[in-house]
Amino acid sequence: MQFTVDRSLLTQAATVPLQVIHWPRMEAHGIQVIVRRDDLIHPQLSGNKFYKLHHNLMEAKRQGHDTILSFGGAWSNHLYALAAAGKIHGIKTVGIVRGEPQPTAMLKDAQNFGMKLKYWTREQFRQNKGEHIDSGLFDELLNEFGRFYTIPEGGSNVLGAKGCAAISMATELALNGDFSDICVACGTGATLAGVAAGLSADKTAWGLSVLKGQGSMAQEVANLVGTLCGKDSRQWHLVKGHHGGGYAKLKPELRSFMLNFEAQTGLLLDPIYTAKLFAGIETMAAEGVWKAGSRLVVVHSGGLQGRRGFEGLTPEAENVSLEY
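Residues numbered from 1 in each chain as written. Predicted model: local features only at pLDDT ≥ 70, side-chain atom pairs only at ≥ 80, totals over all residues. Heavy atoms only, no water.

On to the packing of aromatic side chains. Across all of its chains, the model carries ten aromatic pairs by this definition. Taken together, a centroid distance of 5.7 Å and an interplanar angle of 45° make the contact between Trp23 and Phe278 tilted. Here Trp23, found in the loop between β1 (18-20) and α2 (24-27), pairs with Phe278, found in helix α12 (residues 274-286); they are 255 residues apart in sequence, far enough to count as distant. The pair Trp23 / Phe278 is uniform in exposure class, with both members buried. Consider the rings of Phe71 and Trp120, whose centres lie 5.9 Å apart with planes at 45°: the pair is tilted. (Phe/Tyr/Trp six-rings, centres within 6.5 Å; stacked < 30°, edge-to-face > 60°. Helix = DSSP H or I, 4+ residues; strand = E, 2+ residues; numbered from the N terminus. Buried < 20%, exposed > 50% of the residue type's maximum accessible area, 1.4 Å probe, protein only.)

Written out as structure tokens, the structure is:
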């Protein structure tokens, strides 16, 4: 490991509860599941967004910026979290949103936190959602918002991945290394890269993609791990085929799994990431990916506020008891 994680972030990561859940279908395969409740790390900055933003916020301040600009869709957990972080830390935030204006609950929250929104066409967004923006668009943003620090869509950069290393590092310490694998949901791959980079050599990180097409995600994970560690550790796997119909889709069978899982375990999931993660893990166990006696840690990456975008789902527990 060639990098260091901010000590305050590790301290906060160490406070996250680790919840052993009763999951009959996993227990039938002799596999124990421990859920890392990163959804509880902060009321607004929940899950992996908390970790992805930490070092980026530090770097923005170090460079003397008072404005951070980033990118996302109309239901972006990332923009929601960035807007909340801006309010907490006294930093102005700008969200570049893909497509036509949509008055979603998530964007309304972001605006209430103080974020300014600007809409780009899907083509503009696709070509400029990273750290390198077309000069014409950049000048337009500069004129409108002044000097700013840029974070790519989803917080997917080296600093975002480095923050996510705190997830596995804190888990190693909390469990004294007594687990075999750690599983995360993937949208950009930065969380998987960070978790893999912070993991001890005898363990494997599994990233279940929530997208139909992964594009260059595997290469991006390899690049991020390589940048952090000096070389790609290769102790990670990006798993395809568990997208549940596509990003932000909730097919009837996935909804059924999600509601049954919540009733069994008392653990609420979000439809876009964690529902697909847990459903995929159950399928992989049935396929024999893990042997009996395995002890899996599954990262709950939060995002429960996104449940508001799906009919019949609320972001709060209803008659659900959580036990730790």
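Reading across from one edge, β5-β4-β3-β6 is the order of the four strands in this open sheet, with parallel pairing throughout. Only two strands of the sheet have a single neighbouring strand rather than two, namely β5 (116-120) and β6 (149-150). In the packing of helix α4 (residues 77-89) onto the sheet, contacts are made with β3 (67-72) and β4 (92-98), and the angle to β3 comes to roughly 165°. Across the face of the sheet, helix α7 (residues 135-145) comes into contact with β3, β4 and β5 while running at roughly 155° to β5. (Pairing = 2+ DSSP bridges. Contact = heavy atoms within 4.5 Å. Axes fitted to C-alpha atoms, helices over the stretch in contact; angles between N-to-C directions.)

As a further point, take the packing of helix α3 (residues 48-62) against α4. In a pair of packed helices, the angle between the axes and the distance between the axes together describe the arrangement. Two elements in contact, α3 and α4, have axes whose closest approach is 11 Å; the angle formed by their N-to-C orientations is 50°. Overall, the two elements α3 and α4 adopt an arrangement that is oblique. Seen along the crossing, α3 lies across α4 with a hand that is right-handed. Contact residues: Lys49, Leu53, Leu57 and Lys61 in α3; Asn77, His78, Ala81, Leu82, Ala85 and His89 in α4. Partitioned by chemical class, the residues of the contact of α3 with α4 number five nonpolar, three polar and two charged. (Parallel < 35°, antiparallel > 145°, perpendicular 65-115°, else oblique. Left-handed = near helix turned anticlockwise from the far one by under 90°. Nonpolar A, V, L, I, M, F, W, Y, C, P; charged D, E, K, R; others polar.)

A separate point is the side chain of His65. Relative to the helices and strands, His65 is located in the loop between α3 and β3. A residue is classified by how much of its surface remains accessible, and His65, at 12% relative accessible area, is buried. Within the structure, His65 has its side chain in polar contact with the side chain of Gln63 (distance 3.2 Å). (Polar contact = N/O pair within 3.5 Å; in protein donor to acceptor, adjacent residues only side chain to side chain.)

Here we take up the pattern of salt bridges. It is possible for side chains of opposite charge to pair when their charged atoms get near one another. One pass over the full model with this rule turns up 15 salt bridges. Here Lys92 and Asp66 are joined by a salt bridge, their closest N and O atoms 3.7 Å apart. Of this pair, Lys92 sits in strand β4 while Asp66 sits in the loop between α3 and β3; the two residues are 26 residues apart in sequence, bridging distant segments of the chain. Salt bridges here are not isolated pairs; linked through shared partners, they connect Lys118, Glu140 and Glu144. (Salt bridge = Lys/Arg side-chain N within 4 Å of Asp/Glu carboxyl O.)

A separate point is the nonpolar core. Looking at soluble globular proteins, one finds that nonpolar side chains tend to be buried together. The biggest cluster of nonpolar side chains holds 63 residues, and the ones touching the most others in it are Tyr51, Leu53, Ile68, Ile182, Leu192, Ala205 and Trp236. Ignoring anything within four residues of it in the chain, the contact list for Trp236 reads Leu192, Ala196, Thr204, Ala205, Ala218, Val221, Ala222 and Val225. (Core = buried A, V, L, I, M, F, W, Y, C linked by side-chain atoms within 4.5 Å.)

To continue, consider the environment of Leu117. One can find Leu117 in strand β5. The spatial distance from the C-alpha of Leu117 to the C-alpha of Leu224 is 29 Å, given a sequence separation of 107 residues.

The first and last C-alpha atoms of α4 sit 18 Å apart over 13 residues, in line with the 18 Å expected at 1.5 Å per residue. Listed as buried for α4 are Asn77, His78, Leu79, Tyr80, Ala81, Leu82, Ala83, Ala84, Ala85 and Gly86. Buried residues along α4 sit in contact with α3, β3, β4 and α5 (105-112). Of the residues that open α4, the one with a side-chain oxygen 3.2 Å from the backbone nitrogen of His78 is Ser76. Within two residues after α4, Gly90 carries a phi angle of roughly 70°, on the positive side. (Expected span 1.5 Å × (residues − 1).)

Here we come to unusual backbone geometry. Non-glycine residue Asn176 carries a positive phi angle of around 50°. For Asn176, the location among the structural elements is in the loop between α8 (158-174) and β7 (181-186). Judged by its relative accessible area of 72%, Asn176 is exposed.

A separate point is the sheet that holds β1. Sheet architecture is open: six strands sit in the order β1-β2-β10-β7-β8-β9, paired in mixed fashion. On the outer flanks of this sheet lie β1 and β9 (236-239), each paired with one strand and no other. The mean inter-strand angle of the sheet, taken between neighbouring strand axes irrespective of direction, is 25°. Pairing of β7 with strand β8 (residues 204-209) involves six bridges; the strand directions are parallel. When the bridges of β8 are listed, Cys186 appears paired with Ser209.

Next up on the list: the state of the cysteines. Tallied over the full model, the rule gives zero disulfides. Counting only cysteine sulfurs, Cys186 is the nearest neighbor of Cys183, a cysteine outside any disulfide, at a range of 10 Å. Relative accessible area serves as the criterion here: at 0%, Cys183 is assigned to the buried category. (Disulfide = S-S within 2.5 Å.)

Its location among the elements puts Leu208 in strand β8. Between the C-alpha atom of Leu208 and that of Val239, which follows or precedes it by 31 residues, the distance is 4.8 Å. With sequence-adjacent residues up to four places away left out, Leu208 is seen in contact with Val184, Ala185, Cys186, Val239, His242, Lys276, Leu277, Gly280, Ile281 and Met284.

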